[in-house]
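One letter stands for each residue in the lines below.
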Amino acid sequence: MAAKNLKCKECEAEYELGAHFFCAQCFGPLEVRYDFSGMDPEGAKRRIQTGSNGIWRYSDFLPFEGKASDPLEPGMTPLIKADRLAERLGTEAEIWIKNDAANPTHSFKDRVVAVAIAKAKELGFETVACASTGNLANAVAAHASAAGLDSYVFVPADLEEQKLIATDIYGTNLVGVNGNYDDVNRLCTQLADEKPWAFVNVNLRPYYAEGSKTLAYETVEQLGWKLPDRVVSPIASGSLFTKIHRGFQEWLDIGLVKGEMPIFNGSQAEGCSPVATAFAEGSTICRPQKPNTIAKSLAIGDPADGPYAVEQARQTGGAVDSVSDDEIKAGIRMLAETTGVFTETAGGVTVGVLAKLAARGELRAGEKVVVYITGEGLKTLDANRDSFAFTTIEPDPASFESHFGQEVAV
Amino acid sequence: MPITVKIPSQLRAATGGAPELSADGSTVGEVLDSVFEQHDDLKQRITQDGELRRFVNVYVGGEDIRYGEGLATAIDDGSEITILPAVAGG
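So, how was this worked out
- Residues numbered from 1 in each chain as written.
- Chains lettered and ligands numbered in written order.
- Predicted model: local features only at pLDDT ≥ 70, side-chain atom pairs only at ≥ 80, totals over all residues.
- Helix = DSSP H or I, 4+ residues; strand = E, 2+ residues; numbered from the N terminus.
- Rg over C-alpha atoms; globule rule 2.2 N^0.38 Å.
- Buried ≥ 20, exposed ≤ 12 C-beta atoms within 10 Å, placed from the backbone.
- Contact = placed C-beta atoms within 7 Å.
- Axes fitted to C-alpha atoms, helices over the stretch in contact; angles between N-to-C directions.
- Parallel < 35°, antiparallel > 145°, perpendicular 65-115°, else oblique.
- Left-handed = near helix turned anticlockwise from the far one by under 90°.
- Nonpolar A, V, L, I, M, F, W, Y, C, P; charged D, E, K, R; others polar.
- Pairing = 2+ DSSP bridges.
- Core = buried A, V, L, I, M, F, W, Y, C linked by C-beta atoms within 7 Å.
- Domains from an automatic or database assignment.

Turning next to the overall build of chain A. For chain A, the count of helices and strands is 14 helices and 13 strands. Computed over its C-alpha atoms, the radius of gyration of chain A comes to 21 Å, within 12% of the 22 Å expected for a compact globule of 410 residues. For the C-alpha atoms alone, the extent of chain A along its principal axes is close to 75 × 45 × 45 Å. When burial is assessed residue by residue, chain A has 58% of its 410 residues classed as buried. The long-range share in chain A, meaning contacts at least 24 apart out of those at least 6 apart in sequence, stands at 69%.

On to the packing of helix α8 (residues 213-222) of chain A against helix α9 (residues 239-254) of chain A. All names here are of chain A. As a packed pair, α8 and α9 sit with axes 7 Å apart at the nearest point and diverge in direction by 55 degrees. The pairing of α8 with α9 is recorded here as oblique in orientation. As α8 packs across α9, the resulting crossing turns out to be right-handed. Judged by residue contacts, Lys213, Leu215, Ala216, Tyr217 and Val220 of α8 engage Lys243, Ile244, Arg246, Gly247, Phe248 and Trp251 from α9. Of the residues belonging to the contact of α8 with α9, the class tally is seven nonpolar, one polar and three charged.

All names here are of chain A. Reading across the sheet, the six strands line up as β4-β5-β13-β10-β11-β12 and stay open at both edges, with mixed pairing between neighbours. Of all strands in the sheet, those bounded by a partner on one side alone are β4 (79-81) and β12 (319-323). Adjacent strand axes in the sheet meet at a mean angle of 25 degrees, parallel and antiparallel pairs treated alike. Pairing of strand β5 (residues 94-99) with strand β13 (residues 368-373) involves six bridges; the strand directions are parallel. Across the sheet, the residue bridging to Ile97 is Val371, located in β13.

Soluble globular proteins tend to bury their nonpolar side chains together. One finds Val140 and Val371 of chain A to be the most contacted residues of the largest nonpolar core, which totals 152 residues. Shared between two domains, this core holds at least three residues of each, these being domain 1 (79-106 + 212-387) and domain 2 (109-210) of chain A.

With that out of the way, let us pick up the environment of Ile81 of chain B. All names here are of chain B. Relative to the assigned elements, Ile81 resides in strand β7 (residues 80-85). Residue Ile81 is classed as buried on the basis of its 24 C-beta neighbours within 10 Å. Expressed as a C-alpha distance, the spacing of Ile81 and Glu37, which sit 44 residues apart in the sequence, is 17 Å. In this view, Ile81 contacts Ile3, Val5, Lys6, Val28, Val31, Val58 and Val60; residues no more than four positions away in its chain are not counted.

Now for helix α14 (residues 397-404) of chain A. Counting buried residues along α14 of chain A, only zero of its eight residues qualify, which leaves the element largely exposed. Of the residues flanking the end of α14 of chain A, it is Gly405 of chain A, one or two places downstream, whose phi is positive at about 55 degrees.

This part covers the sheet that holds strand β1 (residues 3-8) of chain A. All names here are of chain A. One open sheet accounts for three strands, arranged β2-β1-β3; its pairing is antiparallel. One side of each edge strand has no neighbouring strand; the edge strands of this open sheet are β2 (14-15) and β3 (30-34). Relative to β3, β1 runs antiparallel, the two being bridged by five bridges. Bridge pairing in β3 places Cys8 opposite Leu30.

The next subject is the interface of chain A and chain B. Across the boundary between the two partners, chain A contributes 30 residues, which contact 21 residues of chain B. Broken down by element, the side of chain A that touches chain B gets its largest block of residues, five residues, from helix α6 (residues 181-192) of chain A. For the side of chain A that touches chain B, the per-class residue count stands at 15 nonpolar, eight polar and seven charged.

Residue and element names in this part refer to chain B. The two faces of strand β1 (residues 3-6) differ: Ile3 and Val5 on one face are buried, but Thr4 and Lys6 on the other face are not. Bridge analysis of β1 against strand β2 (residues 20-23) gives four bridges, and the strand direction is antiparallel. Looking at the pairing, Val5 lines up with Leu21 of β2.

Before going further, it helps to examine the domain arrangement of chain A. Residues and elements named next belong to chain A. The domain architecture assigned to chain A consists of domain 1 (79-106 + 212-387) and domain 2 (109-210). Put simply, the middle of domain 1 and the middle of domain 2, counted by C-alpha atoms, are 24 Å apart. Taken residue by residue, the interface counts 23 residues in domain 1 and 19 residues in domain 2. Those elements that place two or more of their residues in the side of domain 1 that touches domain 2 are α8 and α9. It is α8 that provides the largest number of residues to the side of domain 1 that touches domain 2, a total of three residues. Split into classes, the residues belonging to the side of domain 1 that touches domain 2 amount to seven nonpolar, nine polar and seven charged.

Dropping the structure here:
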């Protein structure tokens with residue numbers, strides 16, 4: 001296996017590959033480091049292309065001792081060319097939608113959870129847990145059940161009902177916490193210190209986060225082993241945003257793909273925009289915020305990877321923007337009307353920022369823009385409850401005609 | 001009544017294994033300074049140039065002190081301060 005150790009992103013202290021997530025010297029985040037020297041890019045490419053039709057095809061780049069398995073393998077979600085969306089936005093850029101709602105529990109979280117749970121099993125854990133804004137809750141409950149592990153899922157008690165029901169159904173211990181996501185996260189950080197459990201996004205976070213790299217790998221493969229020119233991605237904790245970059249960087253380093261690192265545009269909701277605010281202020285310090293937005297899956301007021309996300313947006317010539325709740329709703333509708341993809345509020349945020357970039361003239365003619373749609377619209381139906389049209393008629397043609405004012409075909 | 005400072009397990013090597021410490025002070029900064037007098041190694045790990053390191057979260061009664069006045073946040077006798085890593089979640 002190529003995974004070598006865990007290394008602190010701040011002070012570079014090194015740790016063994018265990019259930020550690022922060023540096024005991026400086027509290028910095030730990031990240032999995034690999035030794036890819038001696039990897040033959042042609043051999044790696046062959047193993048990918050003959051691998052499974054999901055994320056385990058990228059096992060050479062994931063942190064396992066042995067072969068990872070998961071009966072609920074995520075990945076290889078569609079990458080759709082969205083010409084009608086580009087037309088609606090008035091841009092000559094090539095817009096691609098990576099629809100990651102097409103995963104087993106309908107969000108990108110299946111990727112990170114599949115990796116974390118496979119690692120939890122490898123490390124000998126019998127119980128997994130998480131702090132979640134909803135999508136992660138669905139994924140942990142489902143993958144834990146499929147893997148035969150016990151699970152505890154902690155969520156803010158005021159979460160969307162759809163996400164609560166779609167978590168409980170898998171037979172987990174679903175715990176509603178009176179507080180916001182950051183309160184849930186604090187509680188789980190404390191519990192992770194005391195319980196012999198694998199909290200996927202706390203003590204297993206270095207492994208969990210690796211799962212997001214597979215979004216970068218798939219994008220490259222689906223574009224015919226080419227890099228996009230620009231990426232538009234949501235930012236909550238900043239983990240997805242920074243790991244897509246790392247995925248591209250690894251393949252550039254190894255020589256599996258050639259070209260330039262894409263421009264990274266991050267997307268946040270105005271009602272929870274600590275990273276966009278830091279970017280706008282020219283700082284890397286993300287002052288925490290109390291979230292107030294319909295985009296609950298992005299409502300992390302104290303983002304763990306915020307400073308790195310800001311640095312990455314700057315270094316790649318991108319930006320981090322935010323959009324209002326109305327722009328989020330409009331983004332959901334615009335994506336659905338032009339591509340047939342119905343996304344949740346996080347996708348509305350991402351499309352909203354894409355629309356802003358188009359309006360500012362920042363999308364260049366012909367450039368390939370990949371927009372990461374991370375979740376499913378059916379999970380956040382309330383977001384569009386006040387804006388849908390529904391006409392009731394009597395069951396006869398005249399009634400139809402009186403409402404819609406057109407001839408009825410005979 | 002002194003203030004209790006809760007220490008995460010990974011930092012207990014710097015406190016001789018103690019999971020919590022007692023200290024006095026009228027602000028979070030004063031309480032931490034008093035703790036640092038007993039455990040200098042702890043100071044190195046969680047502060048840099050007199051400020052908390054960027055991935056250290058400190059809570060008083062469950063509230064992040066950055067919503068208050070940071071290290072200058074006033075603290076009542078008998079309160080509890082919790083030090084936690086900020087790199088969880090997402």
